[in-house]
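Examining the three-dimensional arrangement
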Amino acid sequence: MTERVAVDMWFDPICPWAWITSRWLLEVEQVREVTIRYHVMSLSVLNEGRDLPDKYRELMDNGWGPVRVCIAVEQAHGADAVRQLYTALGTRIHLGKEQLGPELFAAALTDVGLDPALSAAAESTEYDEALRASHEAGMRPVGQDVGTPVIHAPGPDGTPVAFFGPVITPRPKGEAAGRLWDGVLLVAGTPGFYELKRTRDLGPIFD
């Protein structure tokens, strides 16, 4: 029996593209011998000091809350709780179109059986050092000119590879998800391979 290998994804809960990729990875988990582990990066950290349009700057200002809550949960309850909380947050943010804020955070925590009082972390800088460390761990191998999703995985020969993406919509399911995973690992594991891209002509489809 093939041993399952760990695959790590770094996410920011507010990113719709990362959300779709994360749901694809759950499909991959069902058809390939991988176990997905979720970690926090922060678009707010990534965009510090950058000249941004006003609307995106407002989103980045509000984006500190959910990642701080995720780090607080990780410290209190571990990585499995982060995985569950990400599902609850993403369901409310991307499917429910709920507004970021204390009510959303408390509701998502309650959804997964955690203390809603942890939502107070959204307004605290107590967890920022750990947040920045988690962000750095995810972004270091891929650089600062990409966002989320970021994936770290064993390549085809077992050598670790890290990459931004894939950016997909809607997510493939079943064996189609597995075939995409195989292809992504193939190109990511090719020495000197950096980019494969085309213009997006569809918005996020949360299917």
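Only a predicted model underlies this, so the values are computations on that prediction, with no experimental measurement involved. (Residues numbered from 1 in each chain as written. Predicted model: local features only at pLDDT ≥ 70, side-chain atom pairs only at ≥ 80, totals over all residues. Heavy atoms only, no water.)

Regarding the sheet that holds strand β3 (residues 150-154)
Taken in spatial order, the four strands of this open sheet run β2-β1-β3-β4, and their pairing is mixed. Each having just a single partner strand, β2 (34-40) and β4 (160-164) make up the two edges of the open sheet. Ignoring strand direction, the axes of neighbouring strands in this sheet form an average angle of 20°. (Pairing = 2+ DSSP bridges. Helix = DSSP H or I, 4+ residues; strand = E, 2+ residues; numbered from the N terminus. Axes fitted to C-alpha atoms, helices over the stretch in contact; angles between N-to-C directions.)

Structural notes on unusual backbone geometry
Peptide bonds are mostly trans, and most non-glycine residues show a negative phi. Backbone torsion omega between Thr-148 and Pro-149 reads 15°, so that peptide bond is classified as cis. When you line up the elements, Pro-149 lands in the loop between α7 (128-139) and β3. Cis geometry marks the peptide bond from Gly-165 to Pro-166; its omega dihedral reads -5°. Here Pro-166 is to be found in the loop between β4 and α8 (175-188).

Quick notes on the environment of His-152
Within the secondary structure, His-152 is located in strand β3. Along the sequence, His-152 and Glu-195 sit 43 residues apart, while their C-alpha atoms lie 16 Å from each other. Ignoring any residue separated from it by four or fewer positions in sequence, one finds His-152 in contact with Val-7, Asp-8, Trp-10, Ala-137, Gly-138, Pro-141, Val-161 and Ala-162. Within the structure, His-152 has its side chain in polar contact with the backbone oxygen of Gly-138 (distance 3.0 Å). (Contact = heavy atoms within 4.5 Å. Polar contact = N/O pair within 3.5 Å; in protein donor to acceptor, adjacent residues only side chain to side chain.)

A closer look at the pairing of β3
Counting buried positions along β3 yields four of five residues, so the element is predominantly enclosed. Between the end of β3 and the start of β4, which pair antiparallel, lie five residues, with Gly-158 showing a positive phi angle near 90°. (Buried < 20%, exposed > 50% of the residue type's maximum accessible area, 1.4 Å probe, protein only.)

So, the side chain of Glu-29
Turning to its location among the elements, Glu-29 is positioned in helix α1 (residues 16-31). Setting aside anything within four residues of it in sequence, one finds Glu-29 in contact with Arg-4, Val-34, Thr-35, Ile-36 and Arg-83.

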